[in-house]
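Below are the chains, spelled out letter by letter.
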Amino acid sequence: MLIETATAGDLHLRRRKLHPQAHRGHPMKAMAITVILATLLVKPVVTKAMEASAPDSTAIAATAAAFHAALAAGDSTAALALLAADAVVLESGELETRAQYAAHHLAADIEFARALGGERTVTGVRQVGVAAWLWAVSSVRGTWHGREVDSIGTELLVLAKEGEAWRIRAIHWSSRKR
């Protein structure tokens, strides 16, 4: 079992305190710093079984954490940099390409993440060569656009290794009222 010990919001606050100018003017540098800090600060717990089924599980989990940290930070450039060029996002019965997500839904996801945050726990990672999938559960409570939100959700990310970095190729989010 893989468990994140910091929320994306906590990670963002720590990054800003350590590197307050890291994101300005250098989007790739900001992304690299986010991934490195996610790896160092999130510190997922990796069991022997997890290491056997996903030898690169820490880097895979750090990529997912960096994506969520970018959303919570309002950093669309860093979030998009973690998505592969052919990435797809599936949510609420809709399928969006990376370009469609960037144009239509990313801003709302950022606004939601910044307003409500929530808790997200990675519950598993599997890897086969340069392909991996990660699944997580989440819990969100708060007020969003004047209405109460109390939901639980699941997430499935499919990632592929490109060079030395993991990129998200597909995201599937599903949630329901608690």
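Residues numbered from 1 in each chain as written. Predicted model: local features only at pLDDT ≥ 70, side-chain atom pairs only at ≥ 80, totals over all residues. Heavy atoms only, no water.

Student: Sorry if this is basic, but what is going on with the overall build of the protein here?
Tutor: When helices and strands are counted, the protein shows six helices and six strands. Listing each helix as α and each strand as β along the protein from the N terminus yields α-α-α-α-α-β-β-α-β-β-β-β. A separation threshold of at least 6 residues defines the contact pool for the protein, and within that pool the share at least 24 residues apart is 58%. Taken as a whole, the protein presents about 9,300 Å² of accessible surface, with 57% of it coming from carbon and sulfur. (Helix = DSSP H or I, 4+ residues; strand = E, 2+ residues; numbered from the N terminus. Contact = heavy atoms within 4.5 Å. Areas by Shrake-Rupley, 256 points an atom, 1.4 Å probe, with all protein chains shown as cover.)

Student: What am I meant to see in the side chain of Asp109 here?
Tutor: Along the chain, Asp109 falls in helix α6 (residues 98-116). An unpaired buried charge is present at Asp109: no salt bridge exists, and Arg147, the closest side chain of opposite charge, is 11 Å distant. With near-sequence residues (within four places) excluded, Asp109 lies in contact with Leu71, Glu91, Tyr101 and Trp173. (Buried < 20%, exposed > 50% of the residue type's maximum accessible area, 1.4 Å probe, protein only. Lys, Arg positive; Asp, Glu negative; His and termini not counted. Salt bridge = Lys/Arg side-chain N within 4 Å of Asp/Glu carboxyl O.)

Student: Help me out: how do you make sense of the sheet that holds strand β3 (residues 119-128) in this one?
Tutor: Here we have six strands laid out as an open sheet, ordered β2-β1-β6-β5-β4-β3, and mixed in their pairing. Since the sheet does not close on itself, it has two edges, and those belong to β2 (94-97) and β3, each with one partner. Averaged over all pairs of adjacent strands, the angle between strand axes in this sheet comes to 15°, irrespective of strand direction. One ladder, built from twelve bridges, connects strand β5 (residues 147-162) with strand β6 (residues 165-177); its direction is antiparallel. Across the sheet, the residue bridging to Ser151 is Lys177, located in β6. Against the sheet, helix α4 (residues 57-73) engages β1 (83-91), β3, β4 (131-144), β5 and β6, with an angle of about 60° to β6. (Pairing = 2+ DSSP bridges. Axes fitted to C-alpha atoms, helices over the stretch in contact; angles between N-to-C directions.)

Student: Help me understand the nonpolar core in this model?
Tutor: One recurring pattern in soluble globular proteins is that nonpolar side chains are buried together. Grouped together as the largest cluster of nonpolar side chains are 30 residues, with contacts concentrated most on Phe67, Leu71, Leu83, Tyr101, Leu134 and Ile171. Those elements that provide at least two residues to this core are α4, α5 (76-81), β1, α6, β3, β4, β5 and β6. Examining the composition of this core, we find that seven residues originate from one element, α4, more than from any other. (Core = buried A, V, L, I, M, F, W, Y, C linked by side-chain atoms within 4.5 Å.)

Student: Would you mind showing me how to read α4 here?
Tutor: Note: α-helices contain 3.6 residues per turn, so residues at a spacing of three or four share the same orientation. Over its 17 residues, α4 extends 24 Å from the first C-alpha to the last, a length consistent with the 24 Å expected when each residue adds 1.5 Å. Of all 17 residues in α4, 15 are buried; the element is thus mostly enclosed. (Expected span 1.5 Å × (residues − 1).)

Student: Honestly, the pattern of salt bridges in this entry has me stumped. Any pointers?
Tutor: Oppositely charged side chains may form a pair once their charged atoms are brought near each other. Scanning all chains against the criterion turns up five salt bridges. Of the charged contacts, one joins Lys161 and Asp56 as a salt bridge, the two residues approaching to 3.2 Å between their closest N and O atoms. Pair noted here: Lys161 is in strand β5 and Asp56 is in the loop between α3 (48-53) and α4, with a separation of 105 residues, a long-range link. Residue Lys161 is classed as partly exposed on the basis of its relative accessible area of 28%. Linking Glu155 and Arg120 is a salt bridge whose minimum nitrogen-to-oxygen distance equals 2.8 Å. Here the residue Glu155 occupies a position in strand β5, and Arg120 occupies one in strand β3, the gap between them amounting to 35 residues. Assigned by exposure class, Glu155 and Arg120 land together as buried.

Student: Sorry, what's going on with unusual backbone geometry here?
Tutor: Most peptide bonds take the trans configuration, and most residues that are not glycine carry a negative phi. For Ser92, which is not glycine, the phi dihedral falls at a positive 55°. Assignment of secondary structure puts Ser92 in the loop between β1 and β2. The exposed category is assigned to Ser92, whose relative accessible area is 68%. Phi at His145 takes a positive value of approximately 50°, unusual for a residue other than glycine.

Student: Can you help me understand the pairing of β2 in this one?
Tutor: On a regular strand, each side chain points to the face opposite its neighbour's, so the side chains alternate between the two faces of the sheet. Strand direction decides the pairing type here: β1 and β2, joined by four bridges, are antiparallel. In the strand pairing of β2, Glu91 is matched with Glu94. Linkage of β1 to β2, two consecutive antiparallel strands, is achieved through a turn of two residues, within which Ser92 is found at a positive phi near 55°.

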